[in-house]
There are 2 protein chains.
Amino acid sequence: MRNLKLTLQYDGTNFCGYELQPGKRTIRGELEQALRKLFGEEIKLISSSRTDSGVHALQNVVNFKTENKSVPIPKIPKALNGLLPDDIRIIEAKKVKDSFNARYDAKKKTYEYLIYNGEILPPVLLNLAWHVKPKLDLAKMKKKAKTLVGTRDFSSFCAAGGDDTNFVRTLYKVSVKKKFVTIWEGYNLSVISYKFTGNGFLYKMVRLMVGALVEAGLNQKPRRFCAPPQGLCLLKVAY
Amino acid sequence: MRNLKLTLQYDGTNFCGYELQPGKRTIRGELEQALRKLFGEEIKLISSSRTDSGVHALQNVVNFKTENKSVPIPKIPKALNGLLPDDIRIIEAKKVKDSFNARYDAKKKTYEYLIYNGEILPPVLLNLAWHVKPKLDLAKMKKKAKTLVGTRDFSSFCAAGGDDTNFVRTLYKVSVKKKFVTIWEGYNLSVISYKFTGNGFLYKMVRLMVGALVEAGLNQKPRRFCAPPQGLCLLKVAY
């Protein structure tokens, strides 16, 4: 029995999220189907993050156990990428110890959320950023960000529908800054970037915190607003 | 009678190109439909560049004539953007002299083409770059680029199906360089960028030149290869 860890990257635009849903195109569904073809057996994936519909990932991590040893580990990424749709890519495969669990062993996760704050949303950002038209106050958002950091019960930033029972998490860092998205020459798109690093995140926790930051930036009273998914990207999971 | 000039930006991914095609979703089709709603009359657009299916534009220019003066010019972009799908945005509207013609008066156009040269194409670049796996020789492509510059008959870089009769164009500059696409934090995607500036371009001329540059970069014999559309973006049209 081998326990294998895969690191994957995806554009979440055309997926109904990570988790299996009958009749829907999901990251896990596509991945388990490719693994079934490659290993000739049913594979059950454990994932570090079950990202929502429309959410992207630069590095999400999954693991699974298999009896099949026919595929050498260094050849797994290329073999799987040949079976997967272009919007999911396996960037690494590694043998890990039997006890490794992608979900429970994750020590630290980092998410980034992008906002385009201006009148006309450039079409190239449609699936990459949240369009907020009224001017956001950066200083107020930075102040609000500081209040989020720490170890405490985050149930006020948890949506119904998750399976968590313990709502205590540690948020190590929240940063708010302006930066540029650059794709084409001479066309630097100024965006607002929030970055969140914590030991774990509750269901929709990042998007609810983004909602709270935007409300602070607009001088609005908090009303538990969940920011749209396309601005969110899972950057990294550390073990 | 007013002659109006519009500058538009679009993500070409979900369009069958600029030019009208029965039953297909096109830039011109969407734009003429929005103009019809706004002005209450049939509008016939003249465009500087009839980009192909999948090709993007940061600044494409069109013009049209209308008797309708009910909409003040500064309000046209916002009014049209409210009627257009999100993947086309009007970034400027201007009154121009009666003789202005977006197609024939264009003096200079600049296109950029992006290539991802590596084993695994990051999903976020799927609709923005051409994936070329074998290593490209930058020096050879730069050398080839120099041979393209100048005033001459470019019919060897013209695909069948265009309506040009004069194949002489002036290519002012072709640049080949490495640069970074940056979207998310700490994740700089190294790409190869070609930039073409000329007084005009024949049907599929840029993509055929890109094909020739890539063949040079791979030490292959030229075989008139047309690069795929998604790597191409019309950056600017000057009058």
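Throughout, a residue's number is its position along its own chain's written sequence, starting from 1. A letter from A marks each chain and a number from 1 marks each ligand, given out in the order of writing. Where totals are concerned, whole chains, interfaces and linings use all residues; where local detail is concerned, this predicted model gives features only for residues with pLDDT of at least 70, and gives and counts side-chain atom pairs only at 80 or more.

The name given to chain A in an unreviewed UniProt entry is tRNA pseudouridine synthase A, with candidate division WOR-1 bacterium RIFOXYC2_FULL_46_14 as the source organism. UniProt positions are given in the numbering used here, feature names are shortened, and annotations may be inferred rather than shown by experiment. Reading the Catalytic activity (unreviewed entry) entry of the UniProt record for chain A gives the comment "uridine(38/39/40) in tRNA = pseudouridine(38/39/40) in tRNA". Listed in UniProt under the heading Sequence similarities (unreviewed entry), the comment for chain A reads: "Belongs to the tRNA pseudouridine synthase TruA family."

A. Fine view of the overall build of chain A. Under the DSSP-based scheme used, a helix requires at least four consecutive residues in state H or I and a strand at least two consecutive residues in state E, with every element numbered from the N terminus. The number of helices and strands found in chain A is four helices and ten strands. Along chain A, helices (α) and strands (β) appear in the sequence β-α-β-β-α-β-β-β-α-β-β-β-α-β when read from the amino end. Once the C-alpha set of chain A is aligned to its principal axes, its extents read approximately 60 × 45 × 30 Å. Out of the 239 residues belonging to chain A, those deemed buried represent 41%. Restricting the contact set of chain A to residue pairs at least 6 apart, pairs at least 24 apart contribute 68%. The exposure label follows from counting other C-beta atoms within 10 Å of a residue's C-beta, where the C-beta atoms are placed from the backbone and the thresholds are 20 or more for buried and 12 or fewer for exposed, leaving partly exposed in between. Two residues qualify as a contact pair if the distance between their C-beta atoms, derived from the backbone, is within 7 Å.

B. Here's a closer look at the nonpolar core. Residues Leu213 of chain A together with Leu213 of chain B are the most contacted members of the largest nonpolar core, which totals 131 residues. Non-local contacts of leucine 213 of chain B, meaning those with residues more than four positions away in its chain, are made with Met141, Lys144, Ala145, Val176 and Tyr194 of chain B. For our purposes the nonpolar core covers buried Ala, Val, Leu, Ile, Met, Phe, Trp, Tyr and Cys residues that link as a set through C-beta atoms within 7 Å.

C. A look at the interface of chain A and chain B. Contact with chain A, which involves 28 residues of that partner, is made by 28 residues of chain B. If you list the elements that add at least two residues to the side of chain A that touches chain B, you get β1 (2-10), β4 (88-96), β8 (168-182), β9 (188-198) and β10 (232-238) of chain A. With three residues, the single largest contributor to the side of chain A that touches chain B is β4 of chain A. When residue character is reported, Ala, Val, Leu, Ile, Met, Phe, Trp, Tyr, Cys and Pro are called nonpolar, Asp, Glu, Lys and Arg charged, and the others, Gly included, polar. Here the residues of the side of chain A that touches chain B sort into 17 nonpolar, four polar and seven charged.

D. Main features of the relation of the copies chain A and chain B. For this overlay, a least-squares fit was computed on C-alpha atoms, restricted to residues scoring pLDDT of at least 70 in both copies. Note on the identical chains: chain A maps onto chain B by a rotation of 180 degrees and an axial translation of 0.0 Å, with an RMSD of 0.0 Å. Put plainly, the chains are arranged around a two-fold axis. Closest approach to the rotation axis within chain A is made by the C-alpha atom of threonine 182 of chain A, at a distance of 2.7 Å. With an isologous cut-off of 70% or more, the 100% of interface residues of chain A that recur at the interface of chain B puts this contact in the isologous class.

E. Main features of the confidence of the model for chain A. Chain-level pLDDT for chain A is 96 on average; 100% of the residues reach the 70-or-more range. In the predicted complex, the global pTM is 0.96; the interface-specific ipTM is 0.95. pLDDT gives the predictor's per-residue confidence on a scale running from 0 to 100.

F. Looking closely at the UniProt feature "active site" (unreviewed entry) in chain A. Residues and elements named next belong to chain A. UniProt feature "active site" (unreviewed entry): in the numbering of this structure it lies at Asp52. Looking at where aspartate 52 falls in the secondary structure, it is placed in the loop between β2 (46-47) and β3 (56-66). Among all residues touching aspartate 52, those that are not within four sequence positions of it are Gly17 and Pro229.

G. Spotlight on helix α4 (residues 205-217) of chain A. Residues and elements named next belong to chain A. Helix span is expected to be 1.5 Å times the residue number reduced by one. With 13 residues, α4 extends 18 Å between its outermost C-alpha atoms, agreeing within 8% with the 18 Å of an ideal straight helix rising 1.5 Å per residue. Extensive coverage of α4 is indicated by the burial of twelve of its 13 residues. Residues of α4 that are buried include every one of Met205, Val206, Arg207, Leu208, Met209, Val210, Gly211, Ala212, Leu213, Val214, Ala216 and Gly217, and no others. In this structure, the buried residues of α4 make contact with β5 (108-117), β6 (130-132), α3 (138-148), β8, β9 and β10. Trailing α4 by a residue or two, asparagine 219 shows a phi angle of about 60 degrees, which is positive.

H. Fine view of the packing of helix α3 (residues 138-148) of chain B against helix α4 (residues 205-217) of chain B. Residue and element names in this part refer to chain B. As a packed pair, α3 and α4 sit with axes 8 Å apart at the nearest point and diverge in direction by 140 degrees. The angle between the axes of α3 and α4 places the two elements in the oblique class. The two elements α3 and α4 cross, and the hand of that crossing is right-handed. On the side of α3, the interface is formed by Lys140, Met141, Lys144, Ala145 and Leu148, while α4 contributes Met209, Ala212, Leu213, Ala216 and Gly217. Each residue belonging to the contact of α3 with α4 can be placed in one class, and the counts come to seven nonpolar, one polar and two charged. Axis definition: a line fit to C-alpha positions, over the contact stretch in the case of helices; interaxial angles, taken between N-to-C directions, run 0 to 180 degrees. An angle below 35 degrees is treated as roughly parallel, one above 145 as roughly antiparallel, one from 65 to 115 as roughly perpendicular, and anything else as oblique. By definition, any crossing whose near helix is turned counterclockwise from its far helix by less than a right angle is left-handed, and any crossing with a clockwise turn is right-handed.

I. Representation of the domain arrangement of chain A. Residues and elements named next belong to chain A. Domains assigned within chain A are domain 1 (2-96) and domain 2 (108-238). Opposite the 14 residues of domain 1 that make contact, domain 2 presents ten residues. Of the residues assigned to the side of domain 1 that touches domain 2, the class counts are four nonpolar, nine polar and one charged. Note that the domain bounds were set by an automatic or database domain assignment.

J. Looking closely at unusual backbone geometry. Here the phi dihedral of asparagine 219 of chain A falls at roughly 60 degrees; this positive angle occurs in a residue that is not glycine. For asparagine 219 of chain A, the position within the fold is in the loop between α4 and β10.

K. Main features of the pairing of strand β9 (residues 188-198) of chain B. Residue and element names in this part refer to chain B. Pairs of strands are assigned from DSSP output, requiring at least two bridges between the strands. Pairing of strand β5 (residues 108-116) with β9, which is carried by seven bridges, proceeds in the antiparallel orientation. The residue bridging tyrosine 113 from the neighbouring strand is tyrosine 194, located in β9. Taken together, the eleven bridges between strand β8 (residues 168-182) and β9 define a ladder with antiparallel strand orientation. Bridged to valine 174 within β9 is phenylalanine 196. Between β8 and β9, which follow one another and run antiparallel, lie five residues, and glycine 186 among them has a positive phi close to 70 degrees.

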